[in-house]
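# Coordinates in review
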2 protein chains.
Amino acid sequence: MKKYISILKKTKLFAGVADEEIGAMLSCLDARLREYKKGEYVLRQGEHLNHITVLVSGELHIQRDDYWGNRSIVNRIAVGEMFGEAYIAPESGALLNDVIAVEDSAVIFFDVRRIITVCSSACRFHSMVVQNLFFAISEKNRTLVQKLGHISKRTTREKLISYLSEEAKRQNSTSFTIPFNRQQLADFLSVDRSAMSNELCKMRDEGRLEFKKNYFRLLKD
Amino acid sequence: MKKYISILKKTKLFAGVADEEIGAMLSCLDARLREYKKGEYVLRQGEHLNHITVLVSGELHIQRDDYWGNRSIVNRIAVGEMFGEAYIAPESGALLNDVIAVEDSAVIFFDVRRIITVCSSACRFHSMVVQNLFFAISEKNRTLVQKLGHISKRTTREKLISYLSEEAKRQNSTSFTIPFNRQQLADFLSVDRSAMSNELCKMRDEGRLEFKKNYFRLLKD
DNA sequence: TCTTTTCTGTTGTAAAAACAACCGACTTAT
DNA sequence: ATAAGTCGGTTGTTTTTACAACAGAAAAGA
């Protein structure tokens, strides 16, 4: 677990906490490391979670498969990001989604109650972690609202425009790469892949954008 | 500002805080009231927000403009609801949307840092407000994920089933009322009203459910 | 009460998406 | 190197949705 301290140091949860303090807090917060192979489930819909988790290696998708096999990717978790913050409150119900490793991954679990209950002794930085958690949940809400903005658009084209515009703004450039392949992007936007691919090509032919694999460039009319 | 205390009392932010304490906390939290005429911007895309806001009168729309200038309404804020909780973190960055008053409105701004930094003296209920905010954000997060679950369904029928099933579970009964009229439900699920109405009636004719106005009853197959 | 407005259901048509099937390019594994 | 698998684009068909227009019912207002 110690080899991941350098990664934890860069996470939102431990922002501002000194290196040597993180090591001390690992036991204080009852941290546990688990590793997953690509394709393996980290958590399943319906389970109860009372841990905050941080991804320290690999990549995860928060997703949901319905009865008919349609998959929707709710969110993507990159190294250093956390999940499970929405289930902190004791009265939070079961998990609403699956969490799956899309690459070989490593996850550290922290006991929620140990985090929100400020410990008496060692952890000088504990209150900072609590505040960091506060900020992280806030941040997550923001990304969810953004995503709702995308998929609440009526047509595939509008969803693409919404998503790509957002990404361009976020990366502060009209050319950028996205963290999805076509199928994943379709799942993220909750549309059919081939229809989406078709729409992308139409927009390209209309001169609205260019792309090559996951590289995109938006063009003025 | 005092005339809005009765409204603040009913908000999630001040749940469990005594009336007389709210008055005291207004200054503690550096509360500021601002009023807006219909059509006036409350906040603009690109601004930085370091306040939690509560709408105490009127109605707001959260709007977004995409890269090509197309405008869409992302969300609606009703009296008593909060806005800005997604921008608590200092690194949240600029607002991604405009917030505009669609009626004459009144908004109370609370300094974020004053809320999350527990004050030393007077505010006996301060820690309760902090916890309220914590749970409010967490709950909003889950609500957003649930809504994503509904509208990421491919067909109008599936969206309806997803939403109505959820509502039945939440109200713990197969018969229940929903807080929307048809147009609002269609907007909530991001579908066309008439198409949705049509689909509802088909399901009724198939014997899957009954409804009358905003009262619904789900039936076994 | 009577009028006006809003709400809901209904229908037909045009547009869009889902679906399925296929192909070539590219990557990965043996 | 070759086989197997993945990925992205394309096309045609079927299903679904959006849109527009209208009418009766219900609600709100005068």
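Residues numbered from 1 in each chain as written. Chains lettered and ligands numbered in written order. Predicted model: local features only at pLDDT ≥ 70, side-chain atom pairs only at ≥ 80, totals over all residues. Heavy atoms only, no water.

## Thoughts on the protein's contact with DNA strand D
Around DNA strand D, the surrounding shell holds 19 residues, and the nearest of these are Arg182, Asn198 and Phe211 of chain A together with Thr156 and Asp192 of chain B. Asp192 of chain B is positioned with one of its backbone polar atoms (N or O) 2.9 Å from a phosphate oxygen of DNA strand D. Broken down by secondary-structure element, the contributors of at least two residues to the surface near DNA strand D are helix H6 (182-189) and helix H7 (193-205) of chain A together with helix H7 (193-205) of chain B. Looking at the surface near DNA strand D element by element, the count peaks at 6 residues for H7 of chain A. Looking at the surface near DNA strand D residue by residue, the class counts come to 4 nonpolar, 8 polar and 7 charged. (Near = heavy atom within 4 Å. Polar contact = N/O pair within 3.5 Å; in protein donor to acceptor, adjacent residues only side chain to side chain. Helix = DSSP H or I, 4+ residues; strand = E, 2+ residues; numbered from the N terminus. Nonpolar A, V, L, I, M, F, W, Y, C, P; charged D, E, K, R; others polar.)

## A word on helix H6 (residues 182-189) of chain B
Residues and elements named next belong to chain B. Along H6, the positions that sit buried rather than exposed are Arg182, Leu185, Ala186 and Leu189. Around the axis of H6, the buried residues are gathered within 100 degrees of arc, so they sit on the same side. Along its buried surface, H6 packs onto helix H4 (126-151), helix H5 (156-170), H7, strand E10 (209-212) and strand E11 (215-218). Residue Asn181 occupies the N-cap position of H6, its side-chain oxygen lying 3.1 Å from the main-chain nitrogen of Gln183. (Buried < 20%, exposed > 50% of the residue type's maximum accessible area, 1.4 Å probe, protein only. Arc of directions from axis to C-beta. Contact = heavy atoms within 4.5 Å.)

## Details of the interface of chain B and chain A
By a widespread convention, an interface's size corresponds to the accessible area lost as its parts come together. Chain B puts 41 residues into the contact, and the matching count from chain A is 52 residues. At the boundary of chain B with chain A, total buried surface from both sides reaches about 4300 Å², with 63% on carbon and sulfur atoms. Applying the counting rule to chain B against chain A returns 12 residue pairs in polar contact (both at pLDDT 80 or more). When residues of the side of chain B that touches chain A are traced back to their parent elements, those giving at least two are strand E5 (71-77) and H4 of chain B. If you tally residues by element for the side of chain B that touches chain A, the top one is H4 of chain B, at 16 residues. (Buried area = accessible area lost by both parts, 1.4 Å probe.)

## Looking at the side chain of Asp98 of chain A
Residue and element names in this part refer to chain A. Relative to the helices and strands, Asp98 resides in strand E7 (residues 98-101). Buried charge Asp98 goes without a salt bridge, the closest partner of opposite sign being Arg44 at 5.3 Å. Engagement of the side chain of Asp98 in a polar contact is seen with the backbone nitrogen of Gln45, the distance being 2.8 Å. With residues up to four places along the chain from it excluded, the contact list for Asp98 reads Tyr41, Leu43, Arg44, Gln45, His61, Ile62, Gln63 and Asp65. (Lys, Arg positive; Asp, Glu negative; His and termini not counted. Salt bridge = Lys/Arg side-chain N within 4 Å of Asp/Glu carboxyl O.)

## Details of the nonpolar core
One broad trend across soluble globular proteins is that nonpolar side chains are buried collectively. Core analysis: the biggest nonpolar cluster contains 62 residues, and Val42 and Leu60 of chain A have the highest contact counts within it. Per element, the largest residue contribution to this core is 5 residues, and it comes from helix H5 (residues 156-170) of chain A. For Leu60 of chain A, the contacting residues outside a window of four places in its chain are Val42, Leu55, Asn75, Arg76, Ile77, Phe83, Val99, Ile100, Ala101, Val102, Ser105 and Val107 of chain A. Counting 60 residues, the second-largest nonpolar core is a separate cluster that includes Leu133 and Phe135 of chain A together with Leu29 and Phe110 of chain B. (Core = buried A, V, L, I, M, F, W, Y, C linked by side-chain atoms within 4.5 Å.)

## Things to note about the domain arrangement of chain A
All names here are of chain A. For chain A, the assigned domains read domain 1 (2-142) and domain 2 (153-218). Between domain 1 and domain 2, the C-alpha centre-to-centre distance is 29 Å. Taken together, the contacts link 7 residues of domain 1 with 6 residues of domain 2. Of the roughly 540 Å² buried where domain 1 meets domain 2, counting both sides, 60% is carbon and sulfur surface. The largest contributions to the domain 1 side of the interface with domain 2 come from Arg71, Ile73 and Arg76, which together make up 69% of the buried area. Across the domain 1-domain 2 interface, the total number found is 1 residue pair in polar contact (both at pLDDT 80 or more). Among the elements that line the side of domain 1 that touches domain 2, the one with the most residues is strand E5 (residues 71-77), at 5 residues. When grouped by side-chain class, the residues that make up the side of domain 1 that touches domain 2 number 2 nonpolar, 2 polar and 3 charged. (Domains from an automatic or database assignment.)

## Structural notes on the sheet that holds strand E3 (residues 51-57) of chain B
The strands making up a sheet associate through hydrogen bonds between their backbones, and the pairing can be parallel or antiparallel. Residues and elements named next belong to chain B. Here 4 strands make up an open sheet; going across it, the order is E1-E8-E3-E6 and the pairing antiparallel. The strands lining the two open edges of the sheet, one partner per strand, are strand E1 (32-36) and strand E6 (82-83). In this structure, E3 lies alongside E6, joined through 2 bridges in antiparallel fashion. Within the sheet, the bridge partner assigned to Val54 lies in E6 and is Met82. (Pairing = 2+ DSSP bridges.)

## Comments concerning the protein's contact with DNA strand C
The full set close to DNA strand C counts 17 residues, and Thr156 of chain A together with Arg182, Asn198, Cys201 and Phe211 of chain B are the nearest of them. In this structure, a phosphate oxygen belonging to DNA strand C sits 3.0 Å away from a main-chain N or O atom of Asp192 of chain A. Within the side chain of Ser194 of chain A, a nitrogen or oxygen atom sits 3.3 Å from a base nitrogen of DNA strand C. Broken down by secondary-structure element, the contributors of at least two residues to the surface near DNA strand C are H7 of chain A together with H7 of chain B. Ranked by residues supplied to the surface near DNA strand C, first place goes to H7 of chain B with 6 residues. Of the residues assigned to the surface near DNA strand C, the class counts are 4 nonpolar, 7 polar and 6 charged.

## Topic: the pairing of strand E8 (residues 105-111) of chain A
Residue and element names in this part refer to chain A. Of all 7 residues making up E8, 7 are buried, and the element is well covered by its neighbours. Residues Ser105, Val107, Phe109 and Asp111 point to one face of E8 and Ala106, Ile108 and Phe110 to the other, with burial holding for every one of them. Bridging between strand E1 (residues 32-36) and E8 involves 5 bridges; their strand directions are antiparallel. Note on E8: the bridge partner recorded for Leu33 is Ile108. Judged from the 6 bridges that link them, strand E3 (residues 51-57) and E8 form a sheet pairing that is antiparallel. Within the sheet, the bridge partner assigned to Leu55 lies in E8 and is Val107.

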